[in-house]
Amino acid sequence: HQHNELPAIVSLRNEELSMMEDALQRLHLDNARLETGERQASLDLQRRSSHNSNDISIPKEQLGTENAIMRLEARKRSLSPEFAEQRRARQSLPAWRERQNVVDAVSNHRVVVLTGETGCGKTTQVPQYVLEEAELQGSGAEVHIVVTQPRRIAAISVAERVAWERGEALGKSVGYAIRLESSLPRARGSILYCTTGILLHRLQRTDGLAGVSHVIIDEVHERDVDTDFLLVVIRELLNHSPSLRVVIMSATLDASVFTRYFGGCPLVNIPGRTYPVRVYNLDDLPELMGRFFLPASRPAHGGSLDEEDVDVDLIVSVIVWVSQIFAQGDGAILCFLPGWDTISIVRDRLLKVHASRFMMVVPLHSQLPAGEQRAAFSRAPSGMRKVVLATNIAETSVTIDDVVYVVDSGKIKEKQYDVSRNLTTMRVQWTSQASARQRQGRAGRVQAGYCFQLYSEATFLSMLNHQIPEMQRVPLEEICLQIKAILSPSTVVGGKAKTAEVDTPEESKVGTNGIATFLSKAIQPPTAFSVYAAIQVLQQLGAIDQFENLTPLGRALARLTVHPRFGKMLVYGALLGCLDPLLTIAAAACFRDPFVSPLNRREEADHVRASFGTGVSYGSDQLAFVNAFQQWKSAESNYRGHTFCEENFLVFTTMRLIAGMRTQFERTLREAGLCEPHVQSTMNPVVSAHLARSLLAAGLYPNIVRSEHFRESKGMKNATKHAYRWRLGFRGQSGRVFLHPTSVLSEKNLNPSSNYYLVFQEKVQTSQVFIRGCTLLPPLAMVLLGWNITVSKDISTGTTPTPNGDWMLLRVEGWLSFFIDHRAGLLLLQL
Ligand code: CDP
Ligand code: MG
C-alpha cells in the first residue's frame with residue numbers, strides 16, 4: 001500500500017468496498033445510538049473497565065472486527081474522494097515528506113526528539129502518523145496517544161482540526177481534555193490532546209498512564225514550568241514502564257538540550273519550506289531611509305502608563321515604521337510588542353493616523369477571548385491591509401499565514417518572582433536571540449519577506465541566547481507539592497483516594513527521593529534557595545511534615561489544583577461551615593482577574609468595581625468579587641449573565657470558568673470527605689464575611705501590612721520651595737508598598753488617623769511596589785490565625801487610643817503592634 005499515492009478508488013475490489021460500507025454503517029449506527037441516549041451506558045462501560053477514562057478496553061472477541069474496521073477506515077481516508085480536501089491539506093505540509101522517517105524513528109526508539117518550524121505539521125500530523133501506521137498494521141487498537149499542550153485554547157483547536165482531518169466528530173478517535181472541559185476519545189486507538197497540567201494531575205495516581213502507549217510532549221521550547229516538570233517525571237517513568245514511547249516536539253532548531261537530556265536520543269528534523277527574509281536593524285537606517293522611508297512627522301502620544309512601563313519612544317518608532325511600511329508594497333504586517341498596554345496605545349494611534357486609509361488593525365494577545373484572537377488569522381477585506389499587533393504569542397504558538405513584514409520591537413514583558421523579597425516583577429526587557437530569530441522567520445511564510453528590528457546589532461549580541469526558563473522565575477510551592485503527590489501516588493478506591501503502598505522507607509527519606517533531589521534533575525533546575533523557600537511554605541501550611549512526607553492535608557491540597565495557600569483556606573472554610581465565599585475566592589485565584597478596565601474607560605470601570613466593595617464586602621478585593629459573582633449568578637439564572645458582564649466590566653468567559661472551578665473544588669472536597677454533600681450554609685452573611693477575612697489571613701500569612709501616613713515631596717526635587725503632600729502607604733516586613741490602582745480600597749476612603757491592617761495576595765513591582773488582592777483585617781485574625789506568632793509580654797495596659805475601654809498594646813513578631821481589647825489580650829496571653 002502506497003500511502004502517498006493520489007486517489008485510486010478503482011484499486012479497491014468490490015467485495016472490499018461492500019465490506020467497508022457494511023462496517024462503516026455499523027459504526028454509524030453505533031454512534032447514532034450513543035448520540036440518542038446510550039451515552040450513559042458507554043460511560044458506565046468506560047468506568048468499569050478502567051479508572052483511566054482514556055483507556056477503554058473491549059472484550060477480546062470483538063478486537064478482530066474492530067481492527068478490520070480501523071484498517072478499512074484508514075484505507076478509506078487515504079483513498080476515497082470524500083477525503084480529498086483533508087488529504088490535500090495534509091499532504092501539502094512539510095511534515096508529509098518526513099512521514100516515514102517519523103514513523104520509523106518512533107517505532108525504533110523509546111524517545112525521539114522532533115523539531116520543525118511552526119506550522120510544518122508537528123502537532124496535528126505526528127500523532128496521526130503514529131496512529132495511522134498502527135491502524136494499517138492492525139495494531140491500531142493498542143495505540144493510545146496523549147499529546148500535551150501548554151495552552152488550553154491550543155488543545156481544543158488542534159483536536160478539532162485533527163478530528164476534521166480524520167473525517168470524524170470530536171470524541172471518537174480524537175479528543176481533548178483541559179481543566180473543566182473535555183471530550184474524551186471513545187474509540188480503540190485514540191489521540192488525546194490535553195494540557196500539561198491535566199497529565200501531571202493524572203500522574204498523581206498509580207494508574208495515571210494506564211493504557212497510554214505514547215506520550216507526546218509538545219512545544220517544549222517554551223520551557224514553561226509544567227512542561228519542564230513533566231520532562232523530569234517522564235524521564236523517571238521510562239525506567240518503570242517498559243512499553244511507553246515518548247516524543248518530544250520543539251519549534252526551534254536548537255534541540256540538542258533535549259536530546260542530551262534524554263541520553264543522546266535520536267533527533268528528527270522536519271525541514272521547513274520558507275522564503276528568504278531580508279533583515280534590517282537600526283544599523284541599516286541610512287539604507288532604509290533611501291529605500292523604504294518617506295518623510296514622516298512624529299505622531300504625538302497619549303494614554304495611560306500604568307501596568308506596564310510603557311516606553312514612549314518605542315511606541316513612536318513602531319508607529320513611524322508601520323506607517324512607512326504601510327505606504328509601500330502590500331502584505332500583512334506583524335508587530336511584536338511587549339504587552340497589552342503598548343498594544344492598545346499603538347492600536348489607538350494607528351487607527352487615528354490611518355483612519356481613512358484602509359488599515360485593519362488587529363491585536364493578538366493570549367488573554368483575548370478565542371473569538372477575538374481569530375480575527376488575526378482572517379484575511380483583510382480587499383482594499384485593506386492587515387496590521388497585527390502581537391505579543392510573543394505569535395512567535396511560535398500561532399501562525400498568521402499572510403505576513404510579509406515583521407516589525408520587531410525586540411521587547412518582551414516577563415514575569416519574574418524574587419523569592420527573597422516575596423516580590424513579583426513585571427518588566428519589559430530585551431527578548432532573547434532565539435526569539436528574535438524566531439520573530440524574523442514569521443515574515444517568510446508566503447513569499448519573500450522583510451523584518452525590521454528596532455534595535456542595533458550590538459543590542460542583539462547583548463541579548464541572552466535563550467530566555468530564562470519559567471521554572472527559575474516562579475514560586476515553586478505548587479510544583480513541590482505535586483512532586484510529593486507523584487512520588488507517593490494514590491490509587492482510587494470507591495471514589496476516595498487511598499495512598500498506595502509504595503512509600504518505602506527509602507522514599508520517605510529526605511535527600512534520596514526528596515523534593516530538592518527531584519527538582520535538581522530538571523533541565524535547568526531552580527535555585528536551591530527557591531526550593532527551600534517553597535518547602536518551608538508547605539511545611540508551615542501543614543501540607544508536608546518535617547521529613548517532607550505528605551500529610552493527609554497535603555494530599556487533599558495536591559488534588560485541589562490551586563495554590564496550596566488557597567487550598568488550605570478551602571479546607572478551613574469547609575470545616576468552619578463558611579465554604580461558599582472561599583470557593584469563589586479560590587476559584588478566582590486560578591484565573592486572570594475577571595475585571596477589565598479598558599484604557600479609554602478606566603475611571604468608569606474602577607468606579608463600578610469599587611461599588612462591589614461595600615456592605616459586608618467593605619475594604620476587600622476578594623469579598624468585592626464574591627459579591628460581584630453572586631450578583632452575576634442570579635443574573636445568569638435569568639439569562640442576563642452576558643449583559644451583567646458588559647455593564648460591570650467583567651469577562652463572561654472567566655466568570656464561567658470560575659463557576660466551573662467552584663463546582664470542581666466542591667466535588668474534590670467532598671471526595672476527600674471534607675465537606676458534606678448538599679448542606680447549604682445558613683450562616684449570617686456578616687459572620688461569613690468576617691470569617692472569610694480571617695481565613696484569608698490564615699492562608700496568606702505573612703503577607704500582611706500596616707497602614708502608615710507619610711509625607712511625599714511634590715514636584716521637582718530642585719525647586720526652591722518644597723511642596724509636600726500626605727500619602728497613605730503600607731509597611732510590611734520589607735519596606736513600603738502601595739495599594740494597586742485596581743483595588744476597591746483607595747487612599748481616599750481610608751481615614752488617615754486610623755491604623756489599618758491588610759492582607760494581600762501578591763506584591764508586584766511595576767513603576768512602584770504595589771500590593772494586589774487586598775483585604776482589611778480584624779487585628780485579632782492575625783494573632784489567632786497567623787503562624788509562628790509570639791505575643792510579646794511587652795504590654796502597656798491602660799493606654800487608650802479611644803476615649804473608652806481598656807486596651808492592650810500587643811507586639812507580634814517584632815514589627816506588628818496594635819491595640820486590642822483588654823479582655824481579649826488577657827485571653828491571648830493565657831493561650
Ligand atoms: O505544530 P506545528 O506548528 O508544526 O504545525 P500544526 O499545528 O500541526 O499545523 C499544521 C498546519 O495545520 C498549519 O499550518 C495550519 O495550516 C493547519 N492548522 C489549522 O488549520 N488549524 C489548526 N487549529 C491547527 C493547524
Ligand atoms: Mg505545534
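Residues numbered from 1 in each chain as written. Chains lettered and ligands numbered in written order. Predicted model: local features only at pLDDT ≥ 70, side-chain atom pairs only at ≥ 80, totals over all residues.

For the protein, an unreviewed UniProt entry supplies the name RNA helicase and the organism Ceratodon purpureus. Regarding the protein, the UniProt comment filed under Sequence similarities (unreviewed entry) reads as follows: "Belongs to the DExH box helicase family." (UniProt positions renumbered as here; feature names shortened; annotations may be inferred.)

Participant: Looking at this structure, I do not really get the pairing of strand β3 (residues 174–178). What am I missing?
Facilitator: Sheet faces and side chains relate simply in a regular strand, where the side chains alternate between the two faces. Of all 5 residues in β3, 5 are buried, a share of seventy percent or more. Burial along β3 is two-sided: the face carrying Val 174, Tyr 176 and Ile 178 and the face carrying Gly 175 and Ala 177 are both buried. Inspection of the sheet shows β3 paired to strand β5 (residues 190–195) by 4 bridges, in the parallel sense. The residue of β5 that forms the bridge with Ala 177 is Cys 194. Of the strand pairs in this sheet, β3 and strand β4 (residues 181–183) are connected by 3 bridges, and their pairing is antiparallel. Residue pairing for β4: Ile 178 is matched across the bridge by Glu 181. Where β3 folds back onto β4 in an antiparallel hairpin, the turn is made up of 2 residues, including Leu 180, whose phi is positive at roughly 75°. (Buried ≥ 20, exposed ≤ 12 C-beta atoms within 10 Å, placed from the backbone. Helix = DSSP H or I, 4+ residues; strand = E, 2+ residues; numbered from the N terminus. Pairing = 2+ DSSP bridges.)

Participant: Whenever I open this one, the sheet that holds strand β10 (residues 332–336) confuses me. Can you help?
Facilitator: Paired through their backbone hydrogen bonds, the strands of a sheet run either parallel or antiparallel. On the basis of which strands lie adjacent, the open sheet formed by 6 strands has the order β9-β16-β13-β10-β12-β11 and parallel pairing. Each having just a single partner strand, β9 (277–280) and β11 (359–364) make up the two edges of the open sheet. Neighbour-to-neighbour, the strand axes of the sheet open up by a mean angle of 15°, direction not taken into account. Pairing between β10 and strand β13 (residues 403–408): 5 bridges, direction parallel. From the neighbouring strand, Ile 333 faces β13, where its bridge partner is Tyr 405. Running at roughly 150° to β13, helix α16 (residues 433–441) makes contact with β9, β10, β13 and β16 (449–453) of the sheet. (Axes fitted to C-alpha atoms, helices over the stretch in contact; angles between N-to-C directions. Contact = placed C-beta atoms within 7 Å.)

Participant: Quick question: what am I supposed to make of the site of ligand 1 here?
Facilitator: Close to ligand 1 lie 14 residues, the nearest being Gly 119, Lys 122, Thr 123, Thr 124 and Arg 161. Of all the secondary structure elements, the ones that give two or more residues to the shell around ligand 1 are α6 (122–137) and α7 (152–165). Tallying contributions element by element places α6 first for the shell around ligand 1, with 4 residues. Of the residues in the shell around ligand 1, the class split is 3 nonpolar, 9 polar and 2 charged. (Near = placed C-beta within 6 Å. Nonpolar A, V, L, I, M, F, W, Y, C, P; charged D, E, K, R; others polar.)

Participant: Got a minute to help me understand helix α24 (residues 579–589) in this structure?
Facilitator: An α-helical turn contains 3.6 residues, so a residue and the one three or four places further along point in the same direction. α24 sits mainly inside the fold: 10 of its 11 residues count as buried. Residues of α24 that are buried include every one of Leu 579, Asp 580, Pro 581, Leu 582, Leu 583, Thr 584, Ile 585, Ala 586, Ala 587 and Ala 588, and no others. Residues of α24 that are buried make contact with α23 (564–575), α26 (621–637), α28 (652–671) and α29 (685–700).

Participant: Quick question: what am I supposed to make of α16 here?
Facilitator: Every buried residue belonging to α16 is among Ser 435, Ala 436, Gln 438, Arg 439 and Gly 441, and all of these are buried. Looking at the buried residues of α16, the elements they touch are β9, β10, α15 (393–396), β13, β16 and α17 (457–462).

Participant: Could you clarify how one ought to interpret the nonpolar core in this entry?
Facilitator: In terms of nonpolar packing, the biggest core is built from 137 residues, with Cys 194, Ile 248, Cys 480, Leu 570, Leu 582 and Ala 586 touching the most fellow members. Setting aside residues no more than four positions away along its own chain, Ala 586 makes contact with Val 562, Phe 566, Met 569, Leu 570 and Phe 665. Counting residues in each nonpolar core, the second largest holds 37 residues, with Ile 315, Ile 325, Cys 335 and Val 407 among its members. (Core = buried A, V, L, I, M, F, W, Y, C linked by C-beta atoms within 7 Å.)

Participant: I would appreciate a short explanation of the packing of helix α12 (residues 312–326) against helix α13 (residues 340–354) in the present structure.
Facilitator: Axes are the key here: two packed helices are described by the angle between their axes and the distance separating the axes. Interaxial distance between α12 and α13 falls to 10 Å at its minimum, and their mutual angle equals 45°. The angle between the axes of α12 and α13 places the two elements in the oblique class. At the point where α12 passes α13, the crossing takes the right-handed sense. In contact with Leu 314, Ile 315, Val 318, Ile 319, Val 322, Ser 323 and Phe 326 of α12, α13 contributes Thr 342, Ile 345, Val 346, Arg 349, Leu 350, Val 353 and His 354. Its residues assigned to classes, the contact of α12 with α13 comprises 10 nonpolar, 3 polar and 1 charged. (Parallel < 35°, antiparallel > 145°, perpendicular 65-115°, else oblique. Left-handed = near helix turned anticlockwise from the far one by under 90°.)

Participant: What exactly am I supposed to notice about the sheet that holds strand β2 (residues 144–149) here?
Facilitator: Pairing within the open sheet is mixed, and its 8 strands lie in the order β4-β3-β5-β2-β6-β7-β1-β8. Lying at the two open borders of the sheet, with one neighbouring strand each, are β4 and β8 (267–270). Neighbouring strand axes in the sheet, compared pairwise and without regard to direction, differ in orientation by 20° on average. For strand β1 (residues 111–116) and β8, the ladder comprises 4 bridges, and the chain directions are parallel.

Participant: Looking at this model, I keep getting lost on the confidence of the model for the protein. Mind explaining?
Facilitator: It should be kept in mind that the predicted coordinates are not to be read in detail where pLDDT is low. Predicted confidence across the protein gives a mean pLDDT of 81, with 78% of residues reaching 70 or more. Of all secondary-structure elements in the protein, the lowest mean pLDDT belongs to helix α19 (residues 505–508), at 38, while strand β6 (residues 214–217) reaches the highest, 98. Within the model, pLDDT remains below 50 along residues 27–59, and this stretch shows 32 contacts once partners closer than five positions in the same chain are excluded. Note that pLDDT drops below 50 for residues 294–307; the model gives that stretch 24 contacts with residues more than four away or on any other chain. (pLDDT = per-residue confidence, 0-100.)

Participant: Whenever I open this one, unusual backbone geometry confuses me. Can you help?
Facilitator: A negative phi angle is the norm for most residues apart from glycine, just as the trans form is the norm for most peptide bonds. The backbone phi angle of Glu 548 is positive, close to 70°, even though this residue is not glycine. Considering the arrangement of structural elements, one finds Glu 548 in the loop between α21 (528–541) and α22 (552–559). Note on Glu 548: 22 C-beta atoms within 10 Å, which makes it buried. The phi dihedral of Thr 561 is positive, around 45°, even though this residue is not glycine. Its place among the elements puts Thr 561 in the loop between α22 and α23. The class for Thr 561 is buried, based on 21 C-beta atoms found within 10 Å.

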